[in-house]
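In case you want the letters, here they are:
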Amino acid sequence: QNFKIIDPRITPIANFELTIKLCELITKCNKFKILKKGANETTKSILNGTAEVVILAADADPLEIINHIPLSCESNKIPYIFLSSKIMLGRACGIFRPVISCVILNSTINHIKK
């Protein structure tokens, strides 16, 4: 595949094996309704404290629309990773549109705390 020159802001990026495992995890989480899709939903979940893991698309164009998400993740100590393709991320989320970010929620932990 032809990849653009990788932007230094895109770190950490998943390798092939991790990408496949993450896509399977996203698909399973979508079935259990503990997945939110899109930059706005991801930002809300990070700020609410319901985010467990954040997955971002490395080919978001322009990259500035998701630039604030890694900073929010680092300040709230939430792990995040970039996948190479927004189309692949959308398919893993169960929709046929490109998705630039999604978040796996820690809803089970919240139910135990309540």
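Here the structure is shown first, and the text comes after it.
Values in this document were obtained by computation on a predicted structure and should not be read as measured data.

Draft legend 1. Expanded view of the nonpolar core. Ranked by internal contacts, the top residues of the largest apolar core, which has 35 residues, are Ile26, Val54, Ile55, Ile66, Ile69, Leu83 and Leu89. For this core, the secondary-structure elements that each account for two or more residues are helix H1 (16-31), helix H2 (39-48), strand S2 (51-57), helix H3 (68-75), strand S3 (80-83), helix H4 (86-92) and strand S4 (101-105). Broken down by element, this core gets its largest block of residues, five residues, from S2. Beyond its immediate sequence surroundings of up to four residues, Ile66 is in contact with Ala39, Leu56, Ala57, Ala60, Phe82 and Ile100.

Draft legend 2. Representation of the sheet that holds S4 in the model. Strand order in this open sheet of four strands is S1-S4-S2-S3, and the pairing throughout is mixed. Taken across any chain shown, the strands that pair with only one partner, and hence form the sheet edges, are strand S1 (35-37) and S3. In this sheet, neighbouring strand axes are inclined to one another by 20° on average, regardless of whether the strands run parallel or antiparallel.

Draft legend 3. Here's a closer look at the packing of H2 against H3. Remark: H2 packs on H3, axes separated minimally by 10 Å, with the N-to-C direction vectors making an angle of 15°. As the angle between them shows, H2 and H3 are arranged roughly parallel. Between H2 and H3 lies a crossing of left-handed hand. Contact residues: Ala39, Thr42, Thr43 and Ile46 in H2; His68, Ile69, Ser72 and Cys73 in H3. Of the residues belonging to the contact of H2 with H3, the class tally is four nonpolar, four polar and no charged.

Draft legend 4. Structural context of the environment of Ser84. Note that Ser84 resides in the loop between S3 and H4. Residue classification places Ser84 among the partly exposed residues on the basis of a relative accessible area of 25%.

Draft legend 5. Region of interest: H1. Helix length check: H1, at 16 residues, gives a terminal C-alpha distance of 23 Å against a target of 22 Å (1.5 Å per residue), a fit within 8%. Those residues of H1 not exposed but buried are Thr19, Leu22, Cys23, Ile26 and Cys29. Taken down its axis, H1 places every buried residue within 130° of arc, on the same side. Those residues of H1 that are exposed and aimed more than 90 degrees away from the buried face are Glu17, Lys21, Lys28 and Lys31. Those residues of H1 that are buried lie in contact with S1, S2, S3, H4 and S4. Note on H1: the residue one or two positions beyond its end, Lys33, has a positive phi of about 60°.

What counts, and where the lines are drawn
- Residues numbered from 1 in each chain as written.
- Predicted model: local features only at pLDDT ≥ 70, side-chain atom pairs only at ≥ 80, totals over all residues.
- Heavy atoms only, no water.
- Core = buried A, V, L, I, M, F, W, Y, C linked by side-chain atoms within 4.5 Å.
- Buried < 20%, exposed > 50% of the residue type's maximum accessible area, 1.4 Å probe, protein only.
- Helix = DSSP H or I, 4+ residues; strand = E, 2+ residues; numbered from the N terminus.
- Contact = heavy atoms within 4.5 Å.
- Pairing = 2+ DSSP bridges.
- Axes fitted to C-alpha atoms, helices over the stretch in contact; angles between N-to-C directions.
- Parallel < 35°, antiparallel > 145°, perpendicular 65-115°, else oblique.
- Left-handed = near helix turned anticlockwise from the far one by under 90°.
- Nonpolar A, V, L, I, M, F, W, Y, C, P; charged D, E, K, R; others polar.
- Expected span 1.5 Å × (residues − 1).
- Arc of directions from axis to C-beta.

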